[in-house]
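An overview of the molecular structure
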Amino acid sequence: MAQPEPNGVFAMVELNYQGVFNRNPFSYTGGVKTIFNDVEFSSMTYSEFVTFCELFMHEECKKFYYCETGNSLLEGLNPISDDVEYVAFIFYAYGTDCVISVYVDHIGVGVDGWLDDEDNDDDEHESCIDGEK
């Protein structure tokens, strides 16, 4: 299968769906991957994006996330849950020549809370000197 090539007009978005988020280790397993390189996502609102994805997948979605290129899923995952976050996703997606991975949470497992827990766990493991952090 040929690798998609950036064409300068459309963002390349890899939609990961019908999979599940796992907490430990943090990952997205199973499912299907589809790359869109000819869809004008920047002309859509968040609601239109959700409708487009749900029609394509033939199922309902609870949440969407995108991962910043070059970061692990744990470090680079960002929610897309409203128009403001969707605009941030669009600016990011159209500002790179890489494929942007979008992950679908079909059941709303609370991945945002998991990420917050991971941040707090890191704080607990910082070293202390003379009782100070």
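Look above for the structure.
Residues numbered from 1 in each chain as written. Predicted model: local features only at pLDDT ≥ 70, side-chain atom pairs only at ≥ 80, totals over all residues. Heavy atoms only, no water.

1. Examining the packing of aromatic side chains
Selection rule: Centre distance within 6.5 Å is the pairing criterion for rings of Phe, Tyr and Trp, where only the six-membered ring of Trp is used; planes under 30 degrees apart are then read as stacked, over 60 as edge-to-face, and the remainder as tilted. Any residue under 20% of the maximum accessible area for its type is buried, any over 50% is exposed, and the rest in between are partly exposed; the area is computed with a 1.4 Å probe on protein chains only. Think of it this way: any DSSP run of H or I at least four residues long counts as a helix, any run of E at least two long counts as a strand, and we number them from the N terminus.
Applying the stated rule across the entire model yields 17 aromatic pairs. Taking 6.2 Å as the distance between ring centres and 80° as the angle between the ring planes, the aromatic pair formed by Phe-36 and Phe-41 counts as edge-to-face. Among the residues examined, Phe-36 registers a relative accessible area of 9% and is labelled buried. Judged by relative accessible area, Phe-41 falls into the buried class, the value being 2%. A centroid spacing of 5.7 Å and a plane angle of 35° characterise the contact between Tyr-66 and Tyr-92, whose relative ring orientation is tilted. On the criterion of sequence distance, the pair formed by Tyr-66 in strand 5 (residues 63–67) and Tyr-92 in helix 3 (residues 83–94) is long-range, its members being 26 residues apart. A relative accessible area of 6% means that Tyr-66 is categorised as buried.

2. Describing the sheet that holds strand 6 (residues 77–80)
Note the following rule: If DSSP finds at least two bridges between two strands, the strands pair. Think of each axis as a best-fit line through the C-alpha atoms, taken over the contacting stretch in the case of a helix, with angles from 0 to 180 degrees between the N-to-C directions.
Sheet architecture is open: 5 strands sit in the order 4-1-7-5-6, paired in mixed fashion. With one partner strand each, in any of the chains shown, strand 4 (32–36) and strand 6 form the two edges of the open sheet. Averaged over all adjacent pairs, the angle separating strand axes in this sheet is 25°, with direction ignored. Bridge count between strand 5 and strand 7 (residues 99–105): 5 bridges; the pairing is antiparallel. Within the sheet, the bridge partner assigned to Lys-63 lies in strand 7 and is Asp-105.

3. Quick look at the state of the cysteines
Here is the rule: Disulfides are defined as pairs of cysteine sulfur atoms found within 2.5 Å of each other.
Counting across every chain of the model gives 0 disulfides. No disulfide involves Cys-61; its sulfur sits 6.4 Å from that of Cys-53, the nearest cysteine. On the basis of relative accessible area, Cys-61 is assigned to the buried category, the value being 9%.

4. Topic: helix 3
Operational definition: Helices are assigned an expected span. That span is 1.5 Å times one less than the residue count. Here, the arc refers to the directions that run from the helix axis to the C-beta atoms. We call two residues in contact when some of their heavy atoms are within 4.5 Å. Polar contact is the term for a pair of N or O atoms within 3.5 Å; when the atoms are in protein, one must be able to donate a hydrogen and the other to accept it, and sequence-neighboring residues count only if both atoms are side-chain atoms.
For helix 3, built from 12 residues, the straight-helix expectation of 16 Å at 1.5 Å per residue is met to within 8% by its first-to-last C-alpha distance of 16 Å. Buried residues of helix 3: Tyr-86, Phe-89, Ile-90 and Ala-93, and no others. The buried side chains of helix 3 occupy one side of the element, clustering within an arc of 100° when seen end-on. Exposed residues on helix 3 whose side chains face more than 90 degrees from its buried face are Val-84 and Phe-91. If you follow the buried residues of helix 3, they end up packed against strand 1 (12–17), helix 1 (46–57), strand 5, strand 6 and strand 7. One side-chain oxygen at the N-terminal end of helix 3 lies 3.1 Å from the backbone nitrogen of Val-84; it belongs to Asp-82.

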